[in-house]
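# Structure assessment
Chain by chain, the residues:
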Amino acid sequence: MKIILLSRKCWRWLTMRIRGNPVAVRINAPTEDALFAEFVRAHLDRQAYLEAYPDVRSAGIDPVKHWLDAGMAEGRSFFPDATFYHGDRARQVEGAQWLQFSWLGKPVAVRINAPTEDALFAEFVNAHLDRQAYLEAYPDVRSAGIDPVKHWLDAGMAEGRFLYPGATVVYGDIAGRLGNTNWKRFIWRGIPVAVRTITPLKPSLIAQIKAQARHDPTVLAAGALAIDRLRQVDGQDLLGRGGVDVRNIFAAIPERPDAVVLMPLLRVGDAEQFAANLVGALSALKYNNILVIVTDDTAKTAIGWKSLAILSPLQAAHVMFWRDVCGFNCKDPQYLARLLNSLRPSRVIVLNSRIGNDMTARSGRGLSQFAKLYSIYFSLGVRELCAPAGARWPYRTLPFSLALTDNAEMAVTLRRQWGELQGPGISVLPPRLQPAEDRIFSARLMARQTRVENAARSLRWVWVSRVEPSKGTTILAELASMRPADHFDLFGSVEGDLNEVGLTRPNITHRGCLTDISSADFTDYDGFLFTNIFEGMPNIVLEMSQHAIPMVLADAGGVRDTFDDRSVHFVAHGHDTHSAAQAFAHALDGVAALTPSATLVLVEAARVAALARHAPEVYLKNVADIFEVSINHV
Amino acid sequence: MFDLTATIIFHREGAFALPALSSMAELVSAAREAGIRVEARAVLDNADDLTRRLVASRGAWLDDVEEVSFGDLGLSRNKGAQSANGKYLAFLDGDDLWGSEWLRLAYAAATAPDAPTNAIWHPESLFLFDWNDFDRHSVGQRPRHDAQSFHYFNHPGLDSDLVLNTLFLESIWSANVFAKRSLHLRHPYKAADKETGLGIEDLSWNIETVWANIPHRVVSDTVHLIRVKESGSLNQKNAAEGLLPYLPDHAWPKLGVR
């Protein structure tokens, strides 16, 4: 026989009092777990459960066992007459209507005939919403004649309108991460909600506050009678108080990093590839532990990034999505700076991250006490448009952060504009190129020779980039109209509609995205067109240099750092689309007129030039020099 | 010999010095009436003429007024600690007010038989009051929904790992602490240093003392009243200058733990 001292109401027990203490006795009493299982067995709607989860049915699993093993933790509710809370939420419920159980050592609270989650929250709101104040504060609700409770639940909460003066409401996933102290937690339409209610203030504190009004009446500016119902915050609850999820931030970092890279997105792009190659090189040098903080993308918006070949070097690092972990105050660079201050990595690299650049601008002086800082700038934009980081941040970061760029032209510009500022300086790191193997390039050369020897061929040109206006699509459209006998094939993701960027002519075909440019076959094209004038040193040009294809390139950014007139055809951009298109048309004529031998000389020269400046071993040495790492570590 | 020294620090508080001095006088009187020997001092750091004149006229009751020219809150407090004659020190900011029980109860807590030998004591709560709430004034028992004044609670029994990690990102205690003078001399405040980008004297001091295993405790039934300023507050200045707290060499966050 097992005798358990009980202070709570229970059933199926013989209750009595011994020496004043309440005692409940049950012969052959089961364990706490068995008691709970018994309750579940009595209340679970087995049929509904099996209909909802055919996998459970087909596997022949007892629905009670399945719910206890998995369904409860997953929040599956199939109790028409009961509501369950387990874990921390079970500890929070109050009132005799709740039965308290334990399952695997964790508390479970059950309310028989309880209203649904939504009804529970609606009940709370109905009891607490200050209708009069709400209608006074929001005339739109008053004039529409909407019930304030309904309005707040349907729209006001999501819009940040107040529930009642002094209450703080957090709505969304973060509500589930708030501490238990002083927060009441609910679920509304499947989304967590937490409400920081007003706890009674000690009369002694109220009296002391009010007494100070005789020195300065400002103390009671909010209202002498209302002092005890003003908003309350808890000092150590930084998530509730300032929107910063301390627990989550530090939990997301497994160990102290040697180097931290801040970048906004994990997508296909030259900047992202530059960052990934840099992480790869640093990993190959001495940095075993690199933390990549992705500041704008979330794990959800960047889903699938691990399958992108160009980002594969990032998999050697620990990737943290700042917006997923930081709480709801993600945009304050102060917290990012203080986080890095606590981690004290030896290198901090910021690439195109708005909050990262802001952090360096504000706190770079302090961060530079323990870390060498690097701010990566690619360009100044297209004719001062597009507001890239390189136009905005350098004068604020250069005093304590080395400006790193991928092209000499940008370095010259930065020196001309801000060179007098004292700081670590300005350096060029040419991007890394993965070269084609010699045998593959030889095969491509032979194929090129075969094509150019066919004088009767119709001319076909290939264009590879994201299809958007900043990539020169208007130039391409006009070029196609000037050369109706030629065909233009486009590869790349489309931002919007092809019609919107004017690529509607019948001699233009969008052929989708290329997942791997290095293995693509461009034999059937007569040349590669690069119309973008926004780039620093574009990776696509480097990659195309491995395909033995003549290249017609906008003479912009860092392209001339690598190539010259013996290896590519440069096109000087005019000041308008028409003159730029005319220049490209003239360049295409030049390529088409090349003899087969001159074509082969041209494409071989392009490959040699690219490898001289961008080959992996050259890149690694450059990274070692700039990041002051001994090459012996390789 | 004094049991404690209350030191109020002034910079350019102007008119706010008047209620601060009145509140401090009441605070000191309450402690003296309880039999505590209190030394009351003021430190004026690069004070403007108005503040200097108001302290002179309304602060005649102070035991001493000292003028310095650091232009730094931490260094002003350090000077106050060096000049004080009390066994315990209480620092006050020259634009705040204090519940009248602060000194009496803090001294009682610090000298209780079961009190830690060396602890730093904080008030149980802060009341941050906002002058702009005159435009949002309530005559009833419920405040206006947009009132900005609020209560801030320091909780005892804090989760130590979380507190340690929180302090790397944000302060959780106000600067007006109560502690032994010897502790202040052993752990002086660090100056804000624009050359290194390091500063935030109270946060740095709290981090340093926590990592020196000095307990931070809360004095029950005490409240400080902090004036919310539209501009020019130290926090706003810190944020604008992007200063980072000094960290002890051995202070590292606990990582990877939920």
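Structural notes, computed from the coordinates. (Residues numbered from 1 in each chain as written. Chains lettered and ligands numbered in written order. Predicted model: local features only at pLDDT ≥ 70, side-chain atom pairs only at ≥ 80, totals over all residues. Heavy atoms only, no water.)

## Some details on the overall build of chain B
The line we're drawing: Going along the chain from the N terminus, every DSSP run of H or I of four or more residues is numbered as a helix, and every run of E of two or more is numbered as a strand. Throughout, the radius of gyration refers to the C-alpha atoms, and the reference size of a globule is 2.2 Å times the residue count to the power 0.38. Residue contacts are counted whenever heavy atoms from the two residues lie within 4.5 Å of one another. Accessible surface area values rest on a Shrake-Rupley calculation with a 1.4 Å probe, where residue burial reflects the displayed protein chains alone.
For chain B, the count of helices and strands is 8 helices and 11 strands. The C-alpha radius of gyration computed for chain B amounts to 18 Å, which stays within 12% of the reference 18 Å derived for 258 residues, consistent with globular compactness. Dimensions of chain B, computed from C-alpha atoms along their principal axes, come out at roughly 55 × 50 × 40 Å. Expressed as a percentage of contacts within chain B between residues at least 6 apart in sequence, the contacts between residues at least 24 apart total 77%. Accessible surface, chain B as shown: approximately 10,300 Å² in total, 50% of it carbon and sulfur.

## Brief notes about the overall build of chain A
Stated precisely, the cut-off is as follows: Here the term buried applies to any residue with accessible area under 20% of the maximum for its type, exposed to any over 50%, and partly exposed to those in between, with areas from a 1.4 Å probe on protein chains only. Within this scheme the basic residues Lys and Arg register as positive and the acidic residues Asp and Glu register as negative, but His and the chain ends are omitted. Charged side chains are reduced to one point each, which is NZ for Lys, CZ for Arg, CG for Asp and CD for Glu.
On a plain count of helices and strands, chain A comes out with 26 helices and 23 strands. Across its three principal axes, chain A shows a C-alpha extent of roughly 110 × 75 × 65 Å. Taking all 634 residues of chain A together, the buried fraction comes to 53%. For chain A, the proportion of contacts with a sequence separation of at least 24, taken over those separated by at least 6, is 67%. Carbon and sulfur atoms provide 52% of the accessible area of chain A, an area that totals close to 28,000 Å². On chain A, the mean spot of the 68 positive side-chain charges and the mean spot of the 66 negative ones are 9 Å from each other.

## Considering helix α10 (residues 203–211) of chain A
Rules: It is the directions from the helix axis to the C-beta atoms that the arc portrays.
Those residues of α10 of chain A not exposed but buried are Leu205, Ile206, Gln208 and Ile209 of chain A. Taken down its axis, α10 of chain A places every buried residue within 165° of arc, on the same side. Residues of α10 of chain A that are buried in the fold lie against β6 (120–130), β7 (150–153) and β10 (216–228) of chain B.

## Looking at the packing of helix α1 (residues 17–33) of chain B against helix α4 (residues 102–111) of chain B
Between two packed helices, the angle of one axis relative to the other and the distance separating the axes together describe the packing. Residues and elements named next belong to chain B. Note the cut-off: Each axis is a line fitted through C-alpha atoms, taken for helices only over the stretch in contact, and angles between the N-to-C directions span 0 to 180 degrees. For classification purposes, angles smaller than 35 degrees are called roughly parallel, those larger than 145 roughly antiparallel, those between 65 and 115 roughly perpendicular, and all remaining angles oblique. Throughout, the ten residues Ala, Val, Leu, Ile, Met, Phe, Trp, Tyr, Cys and Pro are labelled nonpolar, Asp, Glu, Lys and Arg are labelled charged, and all others, Gly among them, are labelled polar.
Axis separation between α1 and α4 bottoms out at 7 Å; the angle between their running directions is 45°. For the element pair α1 / α4, the angle class is oblique. Between α1 and α4, the residues in contact are Leu27, Val28, Ala30 and Ala31 and Trp102, Leu103 and Arg104, respectively. For the contact of α1 with α4, a count of residues per class yields 6 nonpolar, no polar and 1 charged.

## What about the state of the cysteines?
Residue and element names in this part refer to chain A. To keep things clear, this is the line we draw: The definition used for a disulfide is geometric: two cysteine sulfur atoms within 2.5 Å.
Evaluation of the coordinates by the stated rule reveals 1 disulfide over all chains. Residue pairing for Cys326: its cysteine sulfur links by disulfide to Cys330, the two sulfurs lying 2.2 Å apart. Accessibility expressed as a relative area gives 1% for Cys326, which makes it buried.

## As for the pattern of salt bridges
All names here are of chain B. Rule in force here: By definition, a salt bridge exists where a carboxyl oxygen of Asp or Glu is found within 4 Å of a side-chain nitrogen of Lys or Arg.
Applying the stated criterion across every chain, the model contains 50 salt bridges over all chains. Two residues, Lys190 and Glu208, come together in a salt bridge whose shortest N-O distance is 2.9 Å. In this pair, Lys190 sits in the loop between α6 (181–186) and β9 (198–199) while Glu208 sits in helix α7 (residues 201–211), placing the two residues 18 residues apart along the sequence. On the basis of relative accessibility, which here comes to 34%, the residue Lys190 falls in the partly exposed class. Where salt bridges share partners, they join Glu39, Arg41, Asp64, Glu66 and Lys79 into one cluster.

## Topic: the interface of chain B and chain A
Here is the rule we go by: Between N or O atoms, a polar contact is any pair within 3.5 Å; within protein, one atom must be a potential hydrogen donor and the other a potential acceptor, and residues adjacent in sequence are included only when both atoms are from side chains. Two strands pair if DSSP finds at least two bridges between them.
In this assembly, 75 residues from chain B lie in contact with 67 residues from chain A. Across the chain B-chain A interface, the total number found is 6 salt bridges. Where Lys202 of chain A meets Glu124 of chain B, a salt bridge forms, and the shortest distance between an N and an O atom there is 2.9 Å. The interface formed by chain B and chain A includes 32 residue pairs in polar contact (both at pLDDT 80 or more). The class makeup of the residues in the side of chain B that touches chain A is 34 nonpolar, 23 polar and 18 charged. Both strand β10 (residues 231–234) of chain A and β7 of chain B contribute to a ladder of 4 bridges, which runs parallel. Considered in β7 of chain B, the bridge of Val233 of chain A is made with Tyr152 of chain B.

## Quick word on unusual backbone geometry
Residue and element names in this part refer to chain B. Positive phi outside glycine occurs at Asn46, with the angle close to 50°. The phi dihedral of Asp221 is positive, around 65°, even though this residue is not glycine. Within the secondary structure, Asp221 is located in strand β10.

## Points about the pairing of β6 of chain B
On a regular strand, one side chain projects to one face of the sheet and the next to the other, so that they alternate. All names here are of chain B. With 11 of 11 residues buried, β6 lies mostly within the body of the structure. Where β6 and β10 come together, 10 bridges link them in parallel fashion. The residue bridging Phe129 from the neighbouring strand is Arg227, located in β10. In this sheet, β7 lies alongside β6 in antiparallel orientation, the contact comprising 4 bridges. Each residue of the ladder has a partner; that of Leu126, found in β7, is Tyr152.

## Overview of the packing of helix α25 (residues 596–614) of chain A against helix α26 (residues 616–626) of chain A
Residues and elements named next belong to chain A. Remark: α25 packs on α26, axes separated minimally by 6 Å, with the N-to-C direction vectors making an angle of 30°. Classified by the angle their axes make, α25 and α26 are roughly parallel. Side by side, α25 and α26 meet where Leu611, Ala612, Arg613 and His614 of the first sit next to Pro616, Val618 and Tyr619 of the second. Split by residue class, the contact of α25 with α26 holds 5 nonpolar, 1 polar and 1 charged.

## A word on the sheet that holds strand β21 (residues 527–530) of chain A
Residues and elements named next belong to chain A. If you trace the 6 strands from one edge of the open sheet to the other, you get β20-β19-β18-β21-β22-β23, paired in parallel fashion. This sheet does not close on itself; its edge strands, each paired only once, are β20 (508–510) and β23 (569–571). Strand-to-strand twist across the sheet, computed as the mean angle between neighbouring axes with direction ignored, equals 25°. As judged from the 3 bridges shared by β21 and strand β22 (residues 551–554), these two strands associate in the parallel manner. Bridging from a neighbouring strand, Phe530 pairs with Leu553 of β22.

## A word on the pairing of β22 of chain A
Residue and element names in this part refer to chain A. Covered by surrounding structure in β22 are Met551 and Leu553 together with Val552 and Ala554, the residues of both alternating faces. Two elements, β22 and β23, share 3 bridges in a ladder whose sense is parallel. Note that in β23 the partner of Ala554 across the bridge is Val571.

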